[in-house]
Amino acid sequence: MSAFSKIVRLFFRLAQNIGGEVAGEKNIAPELASCARELAAEGIVLLKNDGALPIGDDEVALFGRVQQDYFCVGYGSGGDVKAPYKVNLVQGLKGVGIKLNPEVDKYYRDWCASNIPDEGFWGHWPMCFEEAPIADELVRKASQSAKTAIAVIGRAAGEDREQKLEKGSFYLTDGEIEMLDKVTKAFDKVVLVIDAGNIIDLSFLEGYGDKISAVLYAFQGGMESGNAVADVISGRVNPSGRLTDTIARTYSDYPSSENFGNKKFNNYCEDIYVGYRYFETFARECVLFPFGYGLSYTDFATSCVFDCDLENKRFEVEATIVNTGKRAGKEVVQVYVEMPQGRLGKPLRSLVGFKKTALIGAGEADNATISVALADIASYDDGGLTGNPSCFVLEQGEYRVYVGSNAREAQLVGKFSLDETIVVKEAEEICPPDKKHAFEVLYPKGESGEFTKGYRPVATRTSDLRERIEARLPSALVSRVKMSFGEVRRGERTLSEFVATLSDEDLESLTHGDLKMNSPLGAIGNAGAFGGITEQLRKKGVPPVTVTDGPSGIRLNSYASLLPSGTAIASSFNEELAERLYSLVAVEMNEKGTQMLLAPGMNLHRDPLCGRNFEYFSEDPLVSGKIAAAVVRGVQSGGVSACPKHFACNNQETARAKNDSRVSERALRELYFKSFEICIKESKPLCIMTSYNKINGVYSYHNYDLATTLLRKEWGYEGLVITDWWTKRAKNPNFKGVDDNAYRIRAQVDVLMPGGGSRLSGKYSHSARLAYGKGFKRSELQRSAENTLRFILNCKATKDKIG
Ligand code: BGC
């Protein structure tokens, strides 16, 4: 590592107050390790197989230096777990008894030992490792004893580390191409393993044609990565992962590509046409592998009974899945709808339900019933095109329901018609684009099946935010009786009574964290603490809450399980297994003394280059919402809290702390908010984290519509809202002088994390109390303080600590 790298790395460690020796035992609960392995394996997607997989007893030659230096996870807060071990591909394959060609094995072992990669530092981590050169003679000799070659290519991206349109990131390096050329020339059977968190360019596969016999997309599988890939390669596990993103032929085929990565703002011109919603409607020919796609070592035949109950506004698909092949396997039943174009325009396919089957033995069958409420598939009319502005509507016309194993191949199983447009819910306008920053959004023009891309002006704000806020300011809680928080816990007093007794200082302390990461109030290496952060609050019985990252496991200065990446978990489509894994993580959290896991990360994969896609789940809001709900249920079953993040539209890492996501309200409600809505309604997270970015001009952490009107009023959320780490100062355009922290608390973003001296805001001086007299009210501080205290009461692990 260069001296420069060392200095910069030290700087980042100090800034985060994290560093020092890793503490504790390397023990991981065996059931957690085996569950992580099972889930990582279920998240692997078999993209191609001409029979080369599974590998039998024959010798295999393993190529690619990543076999040793395997990328088990991406970078940043969602990857920085002190894993007790990481199983690479060589170890995994040997572990399941696959015979590796000894010369090739030795060559890579020696080469990697003398070419140890520089691990880089925050935001400058390596996205690939230099490929090992291989001699023609080595390859030729190996091909004489080994029937099959496995070639592995690895990539990583992360927080503050966007995937780039460069060789070694989105594209293969010259070294990797050379390796593939040599291997495909010498071997009849070549299995390609892609070890990555993001989708990378796969157009090179077309060039190799039949020379590459099988392709596995192995989304980073955490500490059990190598074991999971080996399980699939050896056939111990029959692959059942499905793509949660569309893989397009070239990057420029993705509809976000023209607007991704701008520093100041991003116009989401593709509107609701993200991922397969775009490709199936406008550009079917650009798809290499469709959303939902994934092969198995067996075959399934699915038949369906469709039933529509228009009176109760639901439809149901009862699928029978027969394993017609020779091996036991699991199928993912996917239900899509095609809605009438109406006045709003709709994608030709929208996923409305899915179910992973149990393991079905050869010749056996399983059933899956998927029931869909029409209200859940309604479209949002942001501009009043149907005559119903700010309403969720089901437009008049024919609805077709398709079932199958991916977005492209799903077959029509039933249809129903609505004679007139139905309003299923009247809503309030939420963070719409501002007139000054209007842009045009995509819609399907012309006839179904031959749509061309039309653009029309985005609907802009019509409501008055100032009026809305003023009319809804909370009233003050008043009390003179002294009491402790313990009395509230015991049910002797109400929470509101207790909040009413708190001083301004106490209230304010409950609305920010303990100033820095690695708070002395929590386990070493924590991301922060909040709650009882002052002596005074602790005397009243309020305990501090320890908070730790993140989606890939507990990030502390002690050993903890490194979990499969978000995309791997989602690709399993297995909600039950995801829930089970995180219930085991909850046990680990209790052992380590952390009460909140800053997970799941659940922003949508709007663009394949987003550095944090590995932490997130999918381009689809239903998959993201359902898998996130499973994670939350798992964590919270152990009496600790999850914290879904980043609410909302943190869809790129470039300038994430100041970027403005300019999005139509329709796309927000049908996609970017939808995933959170599903998660919140299905799993009741105790806490949510806002994003760094602005949404239509307002930072998420200052956004009243987001944290109050939508989250609390419309969705009925009763939990806590915290910021992402550090915020920027900002003037409130609607209320002069109610700026910075007062602006945030007025929005009901309750707790500033980690709370103090910051990279983003410069210094912590902008106390909310300074805005008293400028219209900011004590009752607003009370409301957020009450949310913090309610969190402590609702989370078993913190409730037990109340004095
Ligand atoms: C990330 C969050 C993370 C937090 C604490 C931020 O930089 O965006 O996802 O939870 O840091 O580490």
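Described below are features of the structure shown in this document. (Residues numbered from 1 in each chain as written. Predicted model: local features only at pLDDT ≥ 70, side-chain atom pairs only at ≥ 80, totals over all residues. Heavy atoms only, no water.)

**Observations concerning helix α6 (residues 174-186)**
Put simply, the test is: Note on conventions: DSSP H or I runs of at least 4 residues are helices, E runs of at least 2 residues are strands, and numbering of each starts at the N terminus. Helix span, as expected, comes to 1.5 Å for every residue beyond the first. Here the term buried applies to any residue with accessible area under 20% of the maximum for its type, exposed to any over 50%, and partly exposed to those in between, with areas from a 1.4 Å probe on protein chains only.
Across its 13 residues, α6 extends 19 Å between first and last C-alpha, which sits within 8% of the 18 Å expected from 1.5 Å per residue. Inspection of α6 places Glu176, Met179, Leu180, Lys182, Val183 and Thr184 among the buried residues, and these make up the whole buried set.

**Quick notes on the site of the ligand**
Threshold: What makes a residue near a molecule or strand is one non-hydrogen atom of that residue sitting within 4 Å of it. Counting of polar contacts relies on pairs of N or O atoms within 3.5 Å, with two restrictions inside protein: one atom must be capable of donating a hydrogen and the other of accepting it, and residues adjacent in sequence are counted only when both atoms are side-chain atoms.
Lining the immediate surroundings of the ligand are 14 residues, of which Glu159, Asp549, Arg612, His646 and Asp724 lie closest. Between Asp549 and the ligand, the recorded distance is 2.4 Å, taken from a side-chain N or O atom to an oxygen atom. Between His646 and the ligand, the recorded distance is 2.8 Å, taken from a side-chain N or O atom to an oxygen atom.

**A word on the packing of aromatic side chains**
Put simply, the rule reads: Two aromatic rings, drawn from Phe, Tyr or Trp (for Trp, its six-membered ring), form a pair once their centres lie within 6.5 Å of each other, and the interplanar angle then sorts them: stacked below 30 degrees, edge-to-face above 60, tilted otherwise. Two conditions define a charge sitting above a ring: the NZ of Lys or the CZ of Arg must be within 6 Å of the ring centre, and it must be within 35 degrees of the ring normal.
Taken as a whole and assessed by the stated rule, the structure comprises 31 aromatic pairs. Geometrically, the ring pair formed by Phe315 and Phe416 is tilted, given 5.7 Å between the ring centres and 40° between the ring planes. Here Phe315 is found in strand β10 (residues 314-323), whereas its partner Phe416 is found in strand β17 (residues 411-418), with 101 residues between them in sequence. Among the aromatic residues, those joined into a cluster by ring pairs are Phe170, Tyr171, Tyr251, Tyr254, Tyr273, Tyr278, Phe279 and Phe282. Its end group placed over the ring of Tyr380, Arg669 keeps NZ or CZ at 4.6 Å from the ring centre.

**Thoughts on the sheet that holds strand β22 (residues 544-548)**
Rules: Note on pairing: DSSP must find at least two bridges between two strands before they are called paired. When checking whether two residues touch, look at their non-hydrogen atoms; a contact exists if any pair is within 4.5 Å. Axis geometry follows a simple rule: fit a line to the C-alpha atoms, using only the stretch in contact for helices, then measure angles between N-to-C directions, giving values from 0 to 180 degrees.
Pairing within the open sheet is mixed, and its four strands lie in the order β21-β22-β23-β24. The open sheet has two edge strands, β21 (528-531) and β24 (641-642), and neither has a second partner. Pairing geometry for strand β23 (residues 596-597) and β24, over two bridges, is parallel. The residue of β24 that forms the bridge with Met596 is Ser641. Across the sheet, helix α22 (residues 778-794) touches β21, β22, β23 and β24, and the angle it forms with β21 is around 100°.

**A closer look at the nonpolar core**
To keep it simple, the criterion reads: Buried Ala, Val, Leu, Ile, Met, Phe, Trp, Tyr and Cys residues form a nonpolar core when they are joined through side-chain atoms within 4.5 Å.
Counting 229 residues, the largest nonpolar core has Phe63, Leu202, Tyr217, Phe673, Ile722 and Trp725 as its most contacted members. Dropping the residues within four chain positions of it, Phe673 is found in contact with Ile430, Cys431, Phe647, Ala648, Leu668, Ile695, Leu706, Leu710 and Trp715.

**Concerning the state of the cysteines**
Under the convention used in this document: Cysteine sulfur pairs qualify as disulfides if the two atoms are within 2.5 Å.
Across all of its chains, the model carries zero disulfides by this definition. Not engaged in a disulfide, the cysteine Cys286 finds its nearest cysteine sulfur in Cys269; these two sulfurs lie 18 Å apart. Cys610 carries a free sulfur, and the closest cysteine sulfur to it, the one in Cys649, is 12 Å from it. Its relative accessible area of 0% is what places Cys610 among the buried residues.

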